[in-house]
Amino acid sequence: MTETVLLVGGGGREHAVARALAGSDADLYACAGNRNPGIVDLAEGFETLETTNPQAVTEYAEDVEATLAVVGPEAPLAAGVADALDEAGIYAFGPQESEARIETDKAFQRRFMAEHDIPGCPDFETFDDMEAACDYIDEYDGDLAVKPAGLTGGKGVRVIGDQCTAEEAKEYLRDSDYDRVVLEERLVGEEFTVQALVANGQLRVTPAVQDHKRAYEGDEGPNTGGMGSYSDASLELPFMTEDDYDAAVDVLRATVDALEGYKGVLYGQFMLTETGPRVVEFNARFGDPEAMNTLPVLNTDLIDVLVAAREERSIPQLSFQPKATVCKYAVPDGYPTDPEAGAEVTIDATNAGDALLFYASVDDREDGVYTTTSRSYAVVGIADTITEAEAIAEGALERAGTEGLRVRHDIGEPDLVQQRIDHMNEIRES
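All values reported here derive from a predicted model rather than from experimental measurement.

Calculation criteria
Residues numbered from 1 in each chain as written. Predicted model: local features only at pLDDT ≥ 70, side-chain atom pairs only at ≥ 80, totals over all residues. Heavy atoms only, no water. Pairing = 2+ DSSP bridges. Helix = DSSP H or I, 4+ residues; strand = E, 2+ residues; numbered from the N terminus. Axes fitted to C-alpha atoms, helices over the stretch in contact; angles between N-to-C directions. Contact = heavy atoms within 4.5 Å. Buried < 20%, exposed > 50% of the residue type's maximum accessible area, 1.4 Å probe, protein only. Right-handed = clockwise from strand over helix to strand, strands pointing away. Patch = residues over 30% accessible without salt bridge, like charges linked within 9 Å, V, L, I, M, F, W, Y side chains within 5 Å. Areas by Shrake-Rupley, 256 points an atom, 1.4 Å probe, with all protein chains shown as cover. Salt bridge = Lys/Arg side-chain N within 4 Å of Asp/Glu carboxyl O. Lys, Arg positive; Asp, Glu negative; His and termini not counted. Charge placed at Lys NZ, Arg CZ, Asp CG, Glu CD. Phe/Tyr/Trp six-rings, centres within 6.5 Å; stacked < 30°, edge-to-face > 60°. Lys NZ or Arg CZ within 6 Å of the ring centre and 35° of its normal. Core = buried A, V, L, I, M, F, W, Y, C linked by side-chain atoms within 4.5 Å. Parallel < 35°, antiparallel > 145°, perpendicular 65-115°, else oblique. Nonpolar A, V, L, I, M, F, W, Y, C, P; charged D, E, K, R; others polar.

A. Molecular detail of the sheet that holds strand 11 (residues 202–205). With respect to topology, four strands assemble into an open sheet ordered 11-10-16-17, the strand pairing being antiparallel. In the strand order of this sheet, the two ends are held by strand 11 and strand 17 (276–283), each with one partner. If you compare each strand with its neighbour and ignore which way they point, the axes differ by 35° on average. In the sheet, strand 10 (residues 190–199) pairs with strand 11 via four bridges, with the strands oriented antiparallel. Within strand 11, the position partnered with Leu197 by the bridge is Arg204. Packing of helix 10 (residues 242–258) onto the sheet brings it into contact with strand 10, strand 11, strand 16 (264–273) and strand 17, and relative to strand 16 it is tilted by some 135°.

B. Region of interest: the pairing of strand 1 (residues 3–8). Among the six residues of strand 1, six are classified as buried, and the element is accordingly described as predominantly covered. The alternating pattern of strand 1 places Glu3, Val5 and Leu7 and Thr4, Leu6 and Val8 on opposite faces, both of which are buried. In this structure, strand 1 lies alongside strand 2 (residues 26–32), joined through six bridges in parallel fashion. Note that in strand 2 the partner of Leu7 across the bridge is Ala30. In this fold, the crossover linking strand 1 to strand 2 by way of helix 1 (residues 12–22) has right-handed handedness. Relative to strand 4 (residues 68–71), strand 1 runs parallel, the two being bridged by four bridges. Paired with Leu6 across the bridge in strand 4 is Ala69.

C. Just a negative patch on the surface, in detail. Where like charges cluster on the molecular surface, the negative patch consists of Asp128, Asp129, Asp135, Glu139, Asp177 and Asp179. With respect to the helices and strands, Asp128 occurs in the loop between strand 6 (124–127) and helix 8 (130–139). Judged by its relative accessible area of 62%, Asp128 falls in the exposed class.

D. Just the packing of aromatic side chains, in detail. Taken as a whole and assessed by the stated rule, the structure comprises five aromatic pairs. Between Phe108 and Phe112, the aromatic rings sit 5.7 Å apart at their centres with planes inclined by 40°, giving tilted as the arrangement. Here the residue Phe108 and the residue Phe112 both occupy positions in helix 7 (residues 106–115), the gap between them amounting to four residues, near one helical turn. In this structure, Phe108 and Phe112 share a single accessibility class: buried. Between Phe127 and Tyr136, the ring centres sit 5.3 Å apart and the planes meet at 50°, which makes this aromatic pair tilted. The exposure class of Phe127 is buried, given its relative accessible area of 16%. Feature note: the residues Phe127, Tyr136 and Tyr140 constitute an aromatic cluster, connected by ring pairs. Lying across the ring of Tyr91, Lys263 places its NZ or CZ 5.3 Å from the centre.

E. Quick look at the nonpolar core. One finds Leu6, Leu85, Phe192 and Phe239 to be the most contacted residues of the largest nonpolar core, which totals 102 residues. Leu85 has contacts with Val57, Thr58, Ala61, Ala69, Val71, Ile90 and Ala92, leaving out every residue within four places of it along the chain.

F. Inspection of the pairing of strand 7 (residues 144–148) at higher detail. Taken across its five residues, strand 7 has five buried, putting it largely inside the fold. Here strand 7 shows a buried face lined by Leu144, Val146 and Pro148 and a second buried face lined by Ala145 and Lys147. Looking at chain direction, strand 7 and strand 9 (residues 181–185) are connected through five bridges and run antiparallel. Within strand 9, the residue paired with Leu144 across the bridge is Glu185. Summarising the sheet, strand 7 and strand 8 (residues 158–159) pair through two bridges and their orientation is antiparallel. Directly across from Ala145, in strand 8, lies its bridge partner Val159.

G. Layout of the side chain of Asp211. With respect to the secondary-structure elements, Asp211 resides in strand 12 (residues 210–211). Since its relative accessible area comes to 14%, Asp211 is described here as buried. Here Asp211 is in contact with Gly225, Gly226, Met227, Gly228, Ser229, Pro289 and Glu290, once residues within four sequence places are set aside.

H. How the structure looks around the pattern of salt bridges. Here the structure, examined in full by the defined rule, presents 30 salt bridges. In this structure, Arg408 and Asp219 form a salt bridge, with 3.1 Å as the shortest nitrogen-oxygen distance. Taken together, the residues span a long stretch of sequence, with Arg408 in the loop between strand 23 (405–407) and helix 14 (414–429) and Asp219 in the loop between strand 13 (214–216) and strand 14 (220–223) at a distance of 189 residues. With a relative accessible area of 25%, Asp219 lands in the partly exposed category. Each member of the salt-bridge network shares a partner with another, and the members are Arg13, Glu14, Glu74, Glu103 and Arg285.

I. Structural view of the packing of helix 1 against helix 12 (residues 302–310). Between helix 1 and helix 12, the shortest axis-to-axis distance is 7 Å and the interhelical angle comes to 90°. Considered as vectors, helix 1 and helix 12 are oriented roughly perpendicular to each other. On helix 12, the residues that touch Val17, Ala20 and Leu21 of helix 1 are Leu302, Ile303 and Leu306. The residue makeup of the contact of helix 1 with helix 12, split by class, is six nonpolar, no polar and no charged.

J. Up close: the sheet that holds strand 6. On the basis of which strands lie adjacent, the open sheet formed by four strands has the order 6-9-7-8 and antiparallel pairing. The open sheet has two edge strands, strand 6 and strand 8, and neither has a second partner. Summarising the sheet, strand 6 and strand 9 pair through four bridges and their orientation is antiparallel. If you follow Phe127 over to strand 9, its bridge partner there is Val181. Packed onto the sheet, helix 7 meets strand 6, strand 7 and strand 9 and runs at close to 140° relative to strand 6.

What follows is the structure, given as structure tokens:
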């Protein structure tokens with residue numbers, strides 16, 4: 001039986017999912033608030049609609065007679081789109097609204113970890129009174145991470161001792177309109193991500209990835225949704241050991257055991273510290289850009305995972321090519337604080353060379369493709385080593401040109417990777 005799959009979302013992550021499904025025994029349809037030309041080219045049909053409207057998504061799913069759905073972004077999950085699809089008899093590979101709280105409510109996330117004794121949880125307190133939160137900053141012996149409890153697109157966190165001073169953190173809280181915040185101990189180490197495909201109480205894990213949140217080279221500037229990422233030819237990253245990776249997987253397994261009935265992707269963002277992996281946060285979907293590192297090297301047919309999940313069978317074990325990947329995002333000038341839209345995107349399949357091209361938030365017009373105010377597109381190099389993969393990604397950017405766009409060229413470069421290794425060695429020795 002040929003499956004009909006509805007993909008919800010129109011970013012780079014969803015383009016990667018679409019590419020993973022395009023070669024399967026499946027008819028792909030997609031819907032998003034923006035028209036992603038990469039997904040349009042791969043799909044049988046594409047509908048522009050508000051993806052946080054469960055009724056609109058479900059009606060389109062029924063129109064195309066979808067037998068499966070994949071919900072990509074966090075906002076539709078928070079709006080209950082997976083719930084509505086499930087209720088309509090269309091299996092949604094994505095958690096229902098109550099389960100997605102593991103991402104959408106950081107206060108719930110931390111309390112959940114504490115209540116279920118999930119390892120890796122930092123010290124934390126939650127506040128709905130900003131003055132009480134400011135008092136806690138004054139009283140706490142050490143640096144803190146200040147996190148709005150809700151979704152902020154990866155841009156709401158302020159880390160005292162890294163991004164701001166204690167006084168600046170308090171000013172940030174007082175000037176904000178947040179209802180609730182989480183204050184937690186600052187974790188020092190190297191960040192990495194492990195994503196797991198989850199259904200029927202089982203999880204299947206993917207290689208570790210390191211994202212680069214800071215806007216500018218050298219890890220400077222404000223946080224973004226992610227400027228790029230890399231993975232190695234093994235499951236772990238160069239600054240990690242196999243035990244470090246296994247410890248992160250143990251955290252994900254404990255979380256899945258506690259989240260009865262969870263389905264979809266569980267993304268664990270970890271800080272590798274002197275005591276091992278600690279949890280920075282959980283997300284309830286594929287990472288963006290991390291999906292673009294892991295899905296292109298997945299040997300296992302993604303549709304087989306989805307069907308097994310729906311049929312309540314054992315999920316296939318995942319197999320990956322032993323390849324390194326480097327992903328670099330091109331973003332509009334001024335991103336993320338004052339982005340300038342309207343620059344022409346000149347890259348396409350003809351000048352990307354050996355790199356994979358994933359469109360994200362672009363304006364697809366009759367006369368060409370143009371930037372919006374969010375991340376525009378990503379290029380991914382795949383090779384035997386991180387250095388070789390980086391060169392492939394960089395070559396695509398050089399050929400296409402990036403006028404009106406900005407790229408963190410240092411992602412995946414040998415010097416930056418070595419800095420990560422040296423930093424982790426220093427932490428272990430201390």
